[in-house]
Amino acid sequence: MADMYSKEVMDHFMNPRNVGEIKDASGVGEKGNPTCGDIMRMFIKVGKKPSSGGQGMEEVIEDIKFQTFGCGAAVATSSMITEMVIGKTLEEAEKISNNQVAEALGGLPPIKMHCSNLAADALHDAIENYKKSK
Ligand code: FES
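In this report, we go over the structure that sits alongside the text. In this text, all values refer to a predicted model and were calculated from it rather than measured experimentally.

## Notes on the packing of helix 1 (residues 7-14) against helix 2 (residues 72-85)
The relative placement of two packed helices is expressed as an angle between their axes plus a distance between the axes.
Thought 1: At a closest axis distance of 8 Å, the pairing of helix 1 and helix 2 adopts a crossing angle of 90°. Our classification of the angle between helix 1 and helix 2 gives roughly perpendicular. Contacts between helix 1 and helix 2 involve V9, H12 and F13 on the former and, on the latter, G72, V75, A76, S79, M80 and E83.
Thought 2: When grouped by side-chain class, the residues that make up the contact of helix 1 with helix 2 number 5 nonpolar, 3 polar and 1 charged.

Structure representation (structure tokens):
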């Protein structure tokens, strides 16, 4: 069974990064997976840094944590996405798709691709939640 997963997937599944909750989160996202009924919650902490263009400040994801009642592929994609977005601007984070996360993990079995939607959707939901709360 395990050999249908890449080394990266197994690593992120066995040692998931950034699991937990951010108590004073700037935004919280929650998504359910219609295919399997699993649930994902993502917490983001937004901060500011001088923009790369040298003009003004831009908003970046300073910290991110997740909690999931999902399967191994959901855990691995969430763990990977948290590592991909720390330090990124909100615009950059919004553009990250489930396909990019799956690629960064060295691929997912086709029947598990739906699991990677949870991570990307919950992240995008958390960013939207933050923007609405401003
Ligand atoms: Fe539900 Fe993978 S089976 S998230």
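## Some remarks on unusual backbone geometry
Thought 1: A positive phi angle is found at N18, which is not glycine, with a value near 60°.
Thought 2: Structurally, N18 can be placed in the loop between helix 1 and strand 1 (27-32).

## Let's talk about the pattern of salt bridges
Thought 1: Tallied over the full model, the rule gives 10 salt bridges.
Thought 2: K48 is the salt-bridge partner of E59, the closest N and O atoms lying 3.8 Å from each other. Placement of E59 in strand 3 (residues 57-68) and of K48 in strand 2 (residues 39-50) is noted, with a sequence separation of 11 residues between them.

About the thresholds
- Residues numbered from 1 in each chain as written.
- Predicted model: local features only at pLDDT ≥ 70, side-chain atom pairs only at ≥ 80, totals over all residues.
- Heavy atoms only, no water.
- Axes fitted to C-alpha atoms, helices over the stretch in contact; angles between N-to-C directions.
- Helix = DSSP H or I, 4+ residues; strand = E, 2+ residues; numbered from the N terminus.
- Parallel < 35°, antiparallel > 145°, perpendicular 65-115°, else oblique.
- Contact = heavy atoms within 4.5 Å.
- Nonpolar A, V, L, I, M, F, W, Y, C, P; charged D, E, K, R; others polar.
- Salt bridge = Lys/Arg side-chain N within 4 Å of Asp/Glu carboxyl O.

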